[in-house]
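As a plain string of letters, each chain reads:
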Amino acid sequence: MNDYPIQPISFNRVTVDDSFWSPRLETNRTATIPVDFQRCEETERILNFDRAAGVDAGDHAGIFFNDSDVFKVIEGAAYSLQTHADPELDAYLDALIARIGAAQEPDGYLYTARTIRERQGHTDRLQAEREGLTRWSNLRVNHELYNVGHMYEAAVAHYEATGKRTFLDIALKNADLVCQVFGPDARHDVPGHQEIEIGLVRLYRVTGDERYLRQAKFFLDQRGQADDRELYANFENPGYMQDHLPVVEQDEAVGHAVRAVYMYAGMADVAALTGDAAYIAALDRLWENVVGRKLYLTGGIGARHHGEAFGDDYELPNASAYAETCAALANVLWNQRMFLLHGHGKYIDVLERTLYNGFLSGISQGGDEFFYANPLASDGEWFFNYGTAATRSPWFSCSCCPTNVVRLLGSLGSYIYAQRNGDLYVNLFVGGGTTVNLNGVDVGVTQWTHYPWDGNVTVQLDPAEETEFTLRVRVPGWALGQAVPSDLYHYVDARPDVVALLVNGDLLDVEVVDGYAAVTRTWKHGDSVTLALATPVRRVVSHAAVAENAGRVALERGPLVYCVEGVDNGGLVADVTLPADAAITPVWNGDLVGGVLKLTWQDGDVQRTAIPYYAWSHRGVGDMAVWLPT
């Protein structure tokens, strides 16, 4: 069958033994997953399934899409089970899945908000505005299909982790119902919040049943086909949910950022599996628009709080940036898929920028507090973060972000390596290793690095027997003097730094093509490749059309974006400037947020300090800025 020409090495075949990432993954396993489940219990998200099953008499608790939060934590927990045996967690999931199964209606329907209200005989105005009075009657609002899309992903993850079909059978029963209700010869409509498309593709991959792939493509192809269905008066702007044009005609990222980028990820899956060239062309146009005009320096996306949406071209405010944590996760998912389609390192450059900055800022070092929005400036008083001060919160009424965090961290290993025929890609620099079969030979791969604090990476190759293949090691754009793969941001000094590649200690003269240094040879046990990247501090400036950043610069070192906080700079970042001739000195601080490399410089008679952006707001409420006046 058709598929991505490049295949990722799954996280369950990758070990992570890394000074930067291992503590975070362990915190995700031991703190974030338990905390998320605990808060799903406390907020009655899980009890909603009992109420839908008729074993509890209460009303539906919380927002109508709360089911999805439970599914996402199950998905993250299933990833954890694939790498760490945990009988207690396994048993907890079994019991939870049984409660979910009890809430499912006989024909496969599963949406607790509606089932509970119908059981209790409620047909009030709120239900009409949210869930709709009948099934599928308010898809642009009610998240009926969004919820189950997350269920499909979680069910596949659980099946792959345990071999048990309990959750998978629940998901398949629901998906079969969806395939009966929607289709070319049935109901024509689309979900208001995309996600089911990704979930349906995962069901197709695990079952081989092409109905699920066709259904994913149907939902995508129905967007922009308003004549086929009723228009909802309360959604006069179909661009909010990317329903303004057929997907193959879209060339600008508009509307709700998470919905959009989930859709782009689903489009990439369908394009890979069907070979649809029009999908790929549309994805290329959309990617160029985002990376060229709508991407924050942190890799965040979504400029506007209203609608959690993309803004106009070059509309990238700092203090009011939305840059939702969920949108950062979605940007990682999409860019991974774009790499798998095209094999160019620029997509991993954007993925890496988003991962280390716009995503990682969304979770505290302790793994139990979260940002919903991730602004690039704060006055230390308040920003729109579901009613919290400018510090991370334990939970939100809408907790899509805390429950998304566990999914990405739990599957981080899947983004490190990939293969195509006899080519092995090293995409992210993370200590640990894997075993991959290349040309019929098992090859052990071990990576050592202190990235992102320095740019030295060593990869040892241990084939079971001597064998020829091509090793492709990504050379990040920042090492080549390119801030992002567009003209949206650029370095003041854009000269590329020295990039050295050594094989068994011998320096090679290697050309970087499509973001990779490629070495083709017959490899034997114990061969090593070392990539040595200089990591100078870089001053970054924006495209002139980004009005708010005029006369300002930002700082980067390696993949990390830096910011200044009041706590390090006399209490007020508004007074901080970065003189053009200031010498910037990296200084290690092992006590701050697990250990960080700070940057210091003299601003007149005052010493200034910047820290990695992901580490801000760990020392109480205070002001912060990424972009500094020169």
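As the structure is a computational prediction, the values presented were derived from the model and not from experiment. Residue numbering note: each chain is counted from 1, following its sequence as written. Residue-level local features of this predicted model are given only where pLDDT is at least 70; pairs of side-chain atoms are given and counted only at 80 or more, and the full residue set underlies all totals for whole chains, interfaces and linings. Hydrogen atoms and water are omitted, and side-chain values are computed over all heavy atoms in the structure.

Trainee: Can you lay out the overall build of the protein chain for me, pointing to particular residues and giving the numbers?
Mentor: Numbering of helices and strands starts at the N terminus; helices are DSSP runs of H or I of at least 4 residues and strands are runs of E of at least 2. When helices and strands are tallied, the protein chain shows 16 helices and 23 strands. Only C-alpha atoms enter the radius of gyration, while the globule expectation follows 2.2 Å times N to the 0.38, with N the number of residues. The globule rule puts the C-alpha radius of gyration for 630 residues at 25 Å, and the 24 Å found for the protein chain is close to it. The C-alpha extent of the protein chain, read off along each of the three principal axes, is 70 × 60 × 50 Å. Think of it in three bands: residues with accessible area under 20% of the maximum for their type are buried, residues over 50% are exposed, and the middle band is partly exposed, with areas taken using a 1.4 Å probe on protein chains only. The buried share of the protein chain, taken over its 630 residues, is 61%. Restricting the contact set of the protein chain to residue pairs at least 6 apart, pairs at least 24 apart contribute 68%. In what follows, residue pairs with any heavy atoms lying within 4.5 Å of each other are defined as contacts.

Trainee: Tell me about the sheet that holds strand 15 (residues 527-533), and please be specific about residues and values.
Mentor: Strand order in the open sheet formed by 7 strands is 2-6-7-8-15-11-12, and the pairing between neighbours is antiparallel. This sheet does not close on itself; its edge strands, each paired only once, are strand 2 (14-16) and strand 12 (506-508). Here the strands of the sheet are splayed against their neighbours by 25 degrees on average, with no regard to which way each runs. When DSSP finds at least two bridges between two strands, those strands are taken to pair. Judged from the 7 bridges that link them, strand 8 (residues 455-463) and strand 15 form a sheet pairing that is antiparallel. Bridge pairing links T458 to T530 in strand 15. Axis lines are fitted to C-alpha atoms, over the contacting stretch for helices. Their N-to-C directions set the angle, which ranges from 0 to 180 degrees.

Trainee: Which residues make up the pattern of salt bridges, and what are the values?
Mentor: By definition, a salt bridge exists where a carboxyl oxygen of Asp or Glu is found within 4 Å of a side-chain nitrogen of Lys or Arg. Within the structure shown, the criterion is met by 44 salt bridges. Between K294 and E252 there is a salt bridge, with the nearest N and O atoms lying 2.8 Å from each other. Of the two residues, K294 is situated in the loop between helix 13 (277-293) and helix 14 (325-342) and E252 in the loop between helix 11 (210-222) and helix 12 (257-274); the sequence distance between them amounts to 42 residues. The shortest N-O distance in the salt bridge between R521 and D527 comes to 3.8 Å. On the basis of relative accessibility, which here comes to 28%, the residue R521 falls in the partly exposed class.

Trainee: Give a description of the packing of aromatic side chains that names residues and reports values.
Mentor: Pairing of aromatic side chains requires ring centres within 6.5 Å, counting the rings of Phe and Tyr and the six-membered ring of Trp. Pairs whose planes differ by under 30 degrees are stacked, by over 60 edge-to-face, and all others tilted. In total, this model carries 28 aromatic pairs according to the counting rule given. Between the aromatic rings of F339 and Y425, the centroid separation amounts to 5.4 Å while the plane-to-plane angle is 80 degrees, which identifies the pairing as edge-to-face. Here Y425 lies in strand 5 (residues 423-426) and F339 lies in helix 14, a separation of 86 residues in the sequence. The residues F339 and Y425 share a single accessibility class, namely buried. Where W453 meets W588, the ring centres are 5.4 Å apart and the plane angle is 80 degrees; that geometry is what we call edge-to-face. Here W453 is found in the loop between strand 7 (441-449) and strand 8, whereas its partner W588 is found in strand 19 (residues 585-589), with 135 residues between them in sequence. A relative accessible area of 47% means that W588 is categorised as partly exposed.

Trainee: Could you give an account of unusual backbone geometry, naming the residues involved and the relevant values?
Mentor: Residues other than glycine predominantly adopt negative phi, and peptide bonds predominantly adopt the trans conformation. In this model, Y451 is joined to P452 through a cis peptide bond whose omega is 5 degrees. With respect to the helices and strands, the residue P452 is situated in the loop between strand 7 and strand 8. The backbone phi angle of N504 is positive, close to 50 degrees, even though this residue is not glycine. Given a relative accessible area of 34%, N504 falls into the partly exposed group. The backbone phi angle of V593 is positive, close to 50 degrees, even though this residue is not glycine. Inspection of the secondary structure puts V593 in the loop between strand 19 and strand 20 (596-603).

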